[in-house]
Amino acid sequence: MRDVANLPFTTKDDLLASYPYGSLAVDLKEVRLILSSSGTTGRPILTFYTERDYDAWMVRLARNLRLAGVGKGDLFVNTANQALFTGRGYTEAAPLVGAATFPVGPASPEKHLKIMAELGVTAFHAIPSFALKMANIAAEEGLTGKLKLKKAIVGAESWGEATRSRIEKWLNVDAYDNYGVAELGGPGIAIECPAKDGLHVWADHYLVEVVEPDTREEVNVGEEGELVVTTLSREAMPLIRYRTGDVVKLLPSDCSCGLKTPKISRIKGRLNEMVKVRGISLYPKVIEEVISSFNDLTGEYQVLLSGIDDITVRVEYKRGLKGCSLEDFERKIQAKVKELTLLTVKVELVEEGSIINDGKARRLVDMRKL
Ligand SMILES: [Zn+2]
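Enquirer: Can you help me understand the overall build of the protein in this one?
Expert: The secondary structure content of the protein amounts to eight helices and 20 strands. In terms of overall size, the protein behaves like a compact globule, its C-alpha atoms giving a radius of gyration of 21 Å where 370 residues would be expected to give roughly 21 Å. Overall size of the protein, expressed as C-alpha extent along the three principal axes, is 65 × 55 × 40 Å. Considering the protein as a whole, with its 370 residues, one finds that 39% of them fall into the buried category. Long-range pairs, those at least 24 residues apart, make up 64% of the contacts in the protein between residues at least 6 apart in sequence.

Enquirer: Is there a simple way to explain the domain arrangement of the protein in this structure?
Expert: Buried accessible area, meaning the area lost when the parts come together, often serves as the stated size of an interface. Along its sequence, the protein is organised into domain 1 (2–271) and domain 2 (274–366). Taking only C-alpha atoms into account, the centre of domain 1 sits 28 Å from that of domain 2. Listed by partner, the interface residues are nine residues for domain 1 and seven residues for domain 2. A total of four residues in the side of domain 1 that touches domain 2 trace back to one element, the largest contributor, which is helix 6 (residues 161–171). Each residue belonging to the side of domain 1 that touches domain 2 can be placed in one class, and the counts come to two nonpolar, four polar and three charged.

Enquirer: Is there a simple way to think about the sheet that holds strand 19 (residues 346–351) in this case?
Expert: In space, the four strands of this open sheet follow the order 19-18-17-20, with mixed pairing throughout. Edge strands, defined here as strands with exactly one partner in the open sheet, are strand 19 and strand 20 (364–366). Taking the axes of each pair of neighbouring strands and ignoring which way they run, one obtains an average angle of 20° across the sheet. Seen against the sheet, helix 8 (residues 326–341) touches strand 18 (310–317) and strand 19 and runs at an angle of roughly 130° to strand 19.

Enquirer: Would you mind showing me how to read the packing of helix 7 (residues 284–292) against helix 8 here?
Expert: One way to put it is that helix 7 packs onto helix 8 with a least axis distance of 10 Å and a crossing angle of 135°. Judged by the inter-axis angle, helix 7 sits oblique to helix 8. In the packing of helix 7 onto helix 8, the handedness of the crossing is right-handed. Contact with helix 7, carried on its side by V286, I287, E289 and V290, involves I333, K336, V337, L340 and T341 of helix 8 and no other residues of that element. For the contact of helix 7 with helix 8, the per-class residue count stands at six nonpolar, one polar and two charged.

Enquirer: Looking at this structure, how should I read the nonpolar core?
Expert: The nonpolar side chains of soluble globular proteins are, as a tendency, buried together. Counting residues in hydrophobic clusters, the biggest one holds 70 residues, and the most contacted among them are A131, A152, V154, I167, L171 and I189. Among the elements that take part in this core, helix 5 (residues 128–140) stands out by supplying six residues, more than any other. Filtering out sequence-adjacent residues up to four positions away, V154 remains in contact with A126, P128, A131, W159, I167, A175, Y176 and D177. Counting 14 residues, the second largest nonpolar core, distinct from the first, contains V313, I333, V337 and V347.

Enquirer: I tried to follow unusual backbone geometry on my own but got confused; where do I start?
Expert: Most peptide bonds are trans, and most residues other than glycine sit at a negative phi. Each neighbour pair has its own omega, and for Y19 with P20 the value is 0°, a cis peptide bond. One non-glycine residue, N172, adopts positive backbone phi at about 50°. Within the element layout of this structure, N172 appears in the loop between helix 6 and strand 7 (174–181). Since 17 C-beta atoms lie within 10 Å of it, N172 is described here as partly exposed. If you check the backbone angles, R278 has positive phi at about 45° while not being a glycine. Here R278 shows up in the loop between strand 15 (275–277) and strand 16 (280–282).

Rules behind the numbers
Residues numbered from 1 in each chain as written. Predicted model: local features only at pLDDT ≥ 70, side-chain atom pairs only at ≥ 80, totals over all residues. Helix = DSSP H or I, 4+ residues; strand = E, 2+ residues; numbered from the N terminus. Rg over C-alpha atoms; globule rule 2.2 N^0.38 Å. Buried ≥ 20, exposed ≤ 12 C-beta atoms within 10 Å, placed from the backbone. Contact = placed C-beta atoms within 7 Å. Domains from an automatic or database assignment. Nonpolar A, V, L, I, M, F, W, Y, C, P; charged D, E, K, R; others polar. Pairing = 2+ DSSP bridges. Axes fitted to C-alpha atoms, helices over the stretch in contact; angles between N-to-C directions. Parallel < 35°, antiparallel > 145°, perpendicular 65-115°, else oblique. Left-handed = near helix turned anticlockwise from the far one by under 90°. Core = buried A, V, L, I, M, F, W, Y, C linked by C-beta atoms within 7 Å.

Here it is, written out as structure tokens:
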């Protein structure tokens, strides 16, 4: 397996250039399912499954569900988009572990919550922003006590511990991070176990490496780098050393749960979102973590870089903020940012609605003179 490091990398650009069928390694008549990435950068990336690929995918998703403790007696709802995207796989995997599934289809967080409360849903899959919306609504409308939720599998966007604790508290649920990449076959690459000390990689299907992004040399266990994944079982779309752009640490593989698979940390951020400030790597996600730990903030924010290395974090407070002066509140946020990033930043509180978010939020504005 070590020889894999001698092979060239595959990148997202390679896949974009091969649209639509250039990355297909079998005859199109062998394909049973075609799904698509979210395509945020314009052209989508397709992902192909032969019958064997599909079955192997279901096996991995069933393992994910079992490791998160979902099984017979559970009523499962998949809130993820059921059309083109790979998150839909959980709908078909849930019955494989004995759970009942209720395919709600496209619905708002409000509608999903209502159904969960009325039917006594015990487990769900969601992307973190959707789960957080449900959590906020549950808190505002006092629905937390009416829910029978036990387990949630959450993933596809990176999310941190502050977001997790808000989801767990307000939905009264135990939330597990799972890792997947559409072009590598969707969710089912890695998932947390109850120890929640890193994600177990399904190493019979995926070989993972963590490399230093510039030198592309493998980093040591415990050091940060870019996650590179080689598929070991895929027929329709095998990928060799695919650069995911996700920053993780490779962790020691011993785990208190007894599983001996390779383990990776939760995603720290995306490589293309990282900025170097005063020699420290900063990811907007870290700021998001801080912001989601304060109930009086809306969650909208911007990080402004100016001068040589001056950082201003602009955050929105909710209307009707009471109990402390804006200056005190700014100081509190500043201290929390310092604790998590070691950086001293200026905090600017602005009123709800001041930061325009048209769905493609510009979180980072770099106006530095470099
Ligand atoms: Zn474990």
